[in-house]
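# A look at the structure
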Amino acid sequence: MKQIRILLPTTFFIVFLFVLVQVSVGQKFLTSSTKETKNHLIIGTIGSPTLFNPYFSADSSSGQVEALLFNGLITYDDQLQPIPDLAERWEVSEDGYSWTFHLKKGVQFHDGQEVTARDVVFSYNIPRSQKYAGPRASDFEKIQSIRAVDRHTVQFVLSEPYAPFLSVCSFAILPAHQLEQVPVEQLAEHPFNTKQPIGTGPYRFVEWKDGQYIQLQANPNFFKAAPSIEYLYFRIVPDQNAQLIQLQSGAIDWMGIPATDLTVGRLFEKQGKTKLHSAPSLSYTYIGYNLNRSQFQDVRVRQALTYAIDRQKIVDVVLEGEGQVAHTHGSPLSWAYNDDISTFEYDPEKAKKLLKEAGWIDTDGDGILEKDGEKLTFVLLTNQGNKIREMTAQIVQQQWAEIGVNVTLQFMEWSAFIHNYVDTKKFDAVLLGWSLGVDPDPTAIWHSAESERGLNYISYDNSEVDRLLEANTRALDPQERKQILNQFQQIIAKEQPYTFLYYSNGITAFPPQLQGFIPHPAASFYNIHHWRFSRPSEEESQS
């Protein structure tokens, strides 16, 4: 087997950049002196967001900002248990058809208007509209009616019992007084989403300089408690090497550390520049195949592509052991996860055999398989600046070449990648990841009905999977539902519409003086209103 080669920056290059590059974040980013309590947090992010409206965005860069601007009726604690958010309490009928939510009184939007049942009815009716063209329609399709019982009470009637319904109620409540006159078909392009998003969250929107930063300011009227940290800045830095340089220089306070840079992160931690936290997260990384492309429609080809990748070596080398190989949709953190499924361990000879059975043969001796005059060659896309994905793609390219598959790599800026290629299905294969919801329902990603406007970007279509997904949402008994989801996971594992690569641990770097941080598997900024920076006098007493 050929030795795996990964393009890594040399130590000299890293040191040279550390010395040479002086990062300016803008004077307003750095208003605190060392004699004062720090009043801002600068967060490094690779991708530019697309917009700030959860009913029309589906990317993590937008989602992490939206989580600070908006609230739902419920949320989830750090043990992934549902707890009240804008709702004070709720009841469900014995038959599971009727849900009643009682809102907290006096909660205000960022513009001072009170949140009422009218806002809930407006918000949750958006994806129910026939003119809605966003990715969230399937989450709301079981809602038969929504009505305001009174100013602070909302009743939902479902068309059938729906097991994931509480997770639906975590979607954002938007201000009806700002948007209810806007036609649903125009909401996605409305300035509200990019210039003036208004929610109820701990932070309110100030400014978005595209490609540079997003500025948020503490909401003094936040219904849980006014945040102590006055300003948040999401600094958009498309390259993770550049992010590390800025972390080292103090121009970034908070960032996700790729496992490839864990050694550097630990050095910074030893120097007292940062603290690190590592834990499993509700996410996985995969290669998705566009099943509209003829070369991916044979299951043997997809299985062969997975057999050809040494995923454990990727975990060991690229992730530095901070993760585990993935085999199907879902997360080991989930109560519904199936750990007894078909696996495709690294076996390049079996990969070659399957490709030969599928009719792919190197007839001209150029090292590339072909069938019916078509070469087995395609483009693998991923987002630029994500070192782990770029390095993973390089390994995959090398190992696929060893079985006669010719792959070209393209690394693209995040928003262009999503808008111009993924959303439009103009790709052969993509290396991406899913941040999973707390509820294990996978319908939005895998049901065939989600191919046109939902999150089923690869156009996967399996009638048995559709049946199981529909049964999963009707099963109110957790054990029955787990059995159904386990069957789904087994089919997906066997058919390999994705090559499931790995579950990576989330490694976070944050300021040593930051207090109140509580790790959460699905929320980076959980309970941020309780976070604060220690005062200089406190730091001196600890030293």
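Along every chain, residues carry numbers that run from 1 in the direction the sequence is written. Predicted model: local features are reported for residues with pLDDT of at least 70 only, side-chain atom pairs are reported and counted for 80 or more only, and whole-chain, interface and lining totals are derived from all residues. As a convention, hydrogens and water are excluded, and side-chain values are obtained from all of the structure's heavy atoms.

The name given to the protein chain in an unreviewed UniProt entry is Solute-binding protein family 5 domain-containing protein, with the source organism recorded as Ammoniphilus oxalaticus. Recorded in UniProt under Sequence similarities (unreviewed entry), the annotation for the protein chain is "Belongs to the bacterial solute-binding protein 5 family." UniProt positions are given in the numbering used here, feature names are shortened, and annotations may be inferred rather than shown by experiment.

### Observations concerning the overall build of the protein chain
In terms of helices and strands, the protein chain carries 18 helices and 22 strands. Note on method: radius of gyration uses C-alpha positions; expected globular size equals 2.2 Å times residues raised to 0.38. A compact globule built from 543 residues should have a C-alpha radius of gyration of about 24 Å, and the protein chain, at 24 Å, falls within 12% of that. Summarising its shape, the C-alpha atoms of the protein chain cover approximately 75 × 60 × 40 Å along the three principal directions. The buried label applies to any residue whose accessible area, calculated with a 1.4 Å probe on protein chains only, is under 20% of its type's maximum; exposed applies above 50%, and partly exposed to all values in between. For the protein chain, with 543 residues in total, the buried portion stands at 55%. Throughout, a residue-residue contact means that at least one pair of heavy atoms, one from each residue, lies within 4.5 Å. Partitioning the contacts of the protein chain with sequence separation of at least 6, the portion at a separation of at least 24 is 69%. Here, Shrake-Rupley sampling with a 1.4 Å probe gives the accessible areas, and only protein chains in the shown set may cover a residue. Surface summary for the protein chain: the accessible area is close to 23,300 Å², and the carbon and sulfur share equals 47%. Charge separation in the protein chain, taken as the distance between the mean sites of 47 positive and 63 negative side-chain charges, equals 3 Å. Numbered from the N terminus, helices here are DSSP runs of H or I no shorter than four residues, and strands are runs of E no shorter than two. Counting rule applied: Lys, Arg positive; Asp, Glu negative; His and chain ends not counted. By convention, charge coordinates are those of NZ in Lys, CZ in Arg, CG in Asp, or CD in Glu.

### Examining the environment of S159
With respect to the helices and strands, the residue S159 is situated in the loop between strand 7 (153–158) and helix 5 (165–168). Residue classification places S159 among the partly exposed residues on the basis of a relative accessible area of 37%. C-alpha of S159 to C-alpha of G96: the two residues are 63 residues apart in sequence and 9.9 Å apart in space. The residues contacting S159, other than those within four sequence positions of it, are Y97, E141, K142 and Q144.

### Observations regarding the sheet that holds strand 7
Taken in spatial order, the four strands make up an open sheet running 4-5-7-6, and their pairing is antiparallel. Either end of the sheet is taken by a strand with one partner, and the two such strands are strand 4 (87–92) and strand 6 (143–150). On average, each strand axis in the sheet is tilted by 20 degrees relative to the strand beside it, whichever way the strands run. For two strands to be treated as a pair, DSSP must find at least two bridges joining them. Judged from the five bridges that link them, strand 4 and strand 5 (residues 98–103) form a sheet pairing that is antiparallel. Bridge pairing in strand 5 links V92 to W99. Of the strands in this sheet, strand 5, strand 6 and strand 7 are in contact with helix 3 (residues 117–125), which crosses strand 6 at around 165 degrees. Fitted lines through C-alpha atoms serve as axes, helices being fitted only where they are in contact, and the angles separating the N-to-C directions of these axes extend from 0 to 180 degrees.

### Notes on the nonpolar core
Buried residues of nine kinds, namely Ala, Val, Leu, Ile, Met, Phe, Trp, Tyr and Cys, make up a nonpolar core once their side-chain atoms join them within 4.5 Å. Core analysis: the largest hydrophobic core is formed by 89 residues, its most contacted members being I287, W400 and W446. Broken down by element, this core gets its largest block of residues, seven residues, from strand 20 (residues 498–510). Two domains each donate at least three residues to this core, and these are domain 1 (36–69 + 201–254 + 511–542) and domain 3 (281–505). Domain limits in this description derive from either an automatic procedure or a database domain assignment.

### Concerning helix 8 (residues 240–249)
Buried residues dominate helix 8, accounting for seven of its 10 residues. Of all the positions in helix 8, only Q240, N241, Q243, L244, I245, Q246 and L247 are classed as buried. Phi for G250, located one or two positions after helix 8, is positive at around 90 degrees.

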